[in-house]
Amino acid sequence: MTDEAPDGYVRVRLNLSYDGTDFSGWAKQRGRDTVRTVQGELESALKVVMRMQDPVELTVAGRTDAGVHARGQVAHVDLPEPIWAEHHEKLLRRLAGRLPHDIRVWSVGEAPPGFNARFSAIWRRYVYRVVDHPGGVDPLLRGHVLWHDWPLDVDAMNEAAQKLLGEHDFAAYCKKRDGATTIRTLQRLSWERGPDGIITATVRADAFCHNMVRSLVGALLFVGDGHRPADWPAKVLAAGVRDSAVHVVRPHGLTLEQVGYPADDQLAARNREARNRRTLPLAHPAPGAGCC
């Protein structure tokens, strides 16, 4: 994976959205061609509408899990210059005619030098939507909103959320993957109840590890319904290990809303930084040594 398109190719940025209900996540699964994924559908459509012989390979800003939605997903693809020159003006309309109705591409264009959909990103913003109405979820929203069968105290959830902000090792809230760091910088975690009764969690970080958002939401819901005190999520974080009491909530309430990128002249520096394996400064407490 490079930060420049190979000679003779053009790097193209795509902005897209999808309803994740019927997908087994973003990423194609090796040896499982019958499994429906967003990447598989989009790469297939690109290859067909541009009449390409070679496979198309997309790089995405954030790999969403099965059932998770996206409103502001970003991807890039490197295309041969003649193919791009021939098709770029009509590519958007042709994709609209070829893609299934649960994927839409909203814009395609040449990416600036050094752009990488994954490594250039400086933050990702997700939202998770919940209702605690005793009657359940509006049937028209059931594919995007979780029903929590206990009244929720939004102020208590916000109090608990503030203790999780900053750079930490989020191992207690992530599904561990070999060779991958779980150190992340959580920039925002806040809850708001709307006039329609929907409670929205906004979660923004430089990056997320596997299951991180849904685990954080699960822990804070336990605070909101009174099953745990407001300092419990921070204690779990400080312990540095998975806690069986942290429930990974269902995926359908989660949506990737937006991906942020730096100015074009800062792309190269961001790419280098994102590829460095992170460690916590020595001034930070080690996992299990307590938390601020």
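Reading guide: rules and limits
Residues numbered from 1 in each chain as written. Predicted model: local features only at pLDDT ≥ 70, side-chain atom pairs only at ≥ 80, totals over all residues. Heavy atoms only, no water. Disulfide = S-S within 2.5 Å. Helix = DSSP H or I, 4+ residues; strand = E, 2+ residues; numbered from the N terminus. Buried < 20%, exposed > 50% of the residue type's maximum accessible area, 1.4 Å probe, protein only. Domains from an automatic or database assignment. Contact = heavy atoms within 4.5 Å. Buried area = accessible area lost by both parts, 1.4 Å probe. Salt bridge = Lys/Arg side-chain N within 4 Å of Asp/Glu carboxyl O. Polar contact = N/O pair within 3.5 Å; in protein donor to acceptor, adjacent residues only side chain to side chain. Nonpolar A, V, L, I, M, F, W, Y, C, P; charged D, E, K, R; others polar. Pairing = 2+ DSSP bridges. Phe/Tyr/Trp six-rings, centres within 6.5 Å; stacked < 30°, edge-to-face > 60°. UniProt positions renumbered as here; feature names shortened; annotations may be inferred. Patch = residues over 30% accessible without salt bridge, like charges linked within 9 Å, V, L, I, M, F, W, Y side chains within 5 Å. Areas by Shrake-Rupley, 256 points an atom, 1.4 Å probe, with all protein chains shown as cover. Lys, Arg positive; Asp, Glu negative; His and termini not counted. Charge placed at Lys NZ, Arg CZ, Asp CG, Glu CD.

**A look at the state of the cysteines**
Throughout the structure, instances matching the rule amount to 1 disulfide. Paired by a disulfide, Cys174 and Cys209 hold their sulfur atoms 1.8 Å apart. Pair noted here: Cys174 is in the loop between strand S7 (166-169) and strand S8 (183-193) and Cys209 is in the loop between strand S9 (199-205) and helix H5 (212-224), with a separation of 35 residues, a long-range link. Residue Cys174 is classed as buried on the basis of its relative accessible area, which comes to 2%. When its relative accessible area of 10% is taken as the criterion, Cys209 is described as buried.

**Some points on the domain arrangement of the protein chain**
Many structure descriptions define interface size as the accessible area lost when the parts assemble. In terms of domain boundaries, the protein chain breaks down into domain 1 (9-119) and domain 2 (123-257). Taking only C-alpha atoms into account, the centre of domain 1 sits 29 Å from that of domain 2. Opposite the 14 residues of domain 1 that make contact, domain 2 presents 14 residues. Both faces considered, domain 1 and domain 2 share a buried interface measuring about 1,000 Å² in area, 45% of it formed by carbon and sulfur atoms. Of all residues in domain 1, Asp65, His69 and Arg71 bury the most surface against domain 2, accounting for 47% of the area lost on that side. The interface formed by domain 1 and domain 2 includes 2 salt bridges. Arg71 serves as the salt-bridge partner of Glu257, at 2.7 Å between the closest nitrogen and oxygen. Applying the counting criterion to the domain 1 and domain 2 interface returns 14 residue pairs in polar contact (both at pLDDT 80 or more). Tallied by class, the residues present in the side of domain 1 that touches domain 2 amount to 4 nonpolar, 6 polar and 4 charged.

**Some thoughts on the pairing of strand S3 (residues 69-80)**
For S3, the buried fraction is high: 10 of the 12 residues fall into the buried class. The pairing of strand S1 (residues 9-18) with S3 spans 9 bridges and is antiparallel. Among the inter-strand pairings, Leu16 is bridged to a residue of S3, identified as Gln73. For strand S2 (residues 59-60) and S3, the ladder comprises 2 bridges, and the chain directions are antiparallel. Its bridge partner being in S3, Thr59 is matched across the sheet by His76.

**Here we look at the packing of aromatic side chains**
By the definition in use, this model includes 4 aromatic pairs. Seen in terms of ring centroids, Tyr18 and Trp26 are 6.4 Å apart; in terms of plane orientation they differ by 35 degrees. Their pairing is tilted. Exposure remark for Tyr18: the relative accessible area of 5% places this residue in the buried category. Measuring from centroid to centroid gives 6.3 Å for Phe222 and Trp232, while their planes differ by 25 degrees, and the two rings are stacked. Of this pair, Phe222 sits in helix H5 while Trp232 sits in helix H6 (residues 232-239); the two residues are 10 residues apart in sequence, bridging distant segments of the chain. Assessed through its relative accessible area of 24%, Phe222 is described here as partly exposed. Taking relative accessible area as the criterion, Trp232 reaches 11% and is therefore assigned buried.

**A short note on the UniProt feature "active site" (unreviewed entry) in the protein chain**
As recorded in UniProt, the sites labelled "active site" (unreviewed entry) are Asp65. Summarising the element assignment, Asp65 is placed in the loop between S2 and S3. Beyond its immediate stretch of four places on either side in the chain, Asp65 contacts Gly25, His210, Asn211 and Arg214.

**A word on the pattern of salt bridges**
A complete count under the given rule lists 12 salt bridges for this structure. We note a salt bridge from Arg214 to Asp65, for which the minimum N-O separation is 3.5 Å. Remark: Asp65 occurs in the loop between S2 and S3 and Arg214 occurs in helix H5; sequence separation between them is 149 residues. Residue classification places Arg214 among the buried positions, given a relative accessible area of 11%.

**Looking at a positive patch on the surface**
Residues Arg63, Arg118, Lys175 and Arg177 make up a contiguous surface patch of positive charge. In this structure, Arg177 sits in the loop between S7 and S8.

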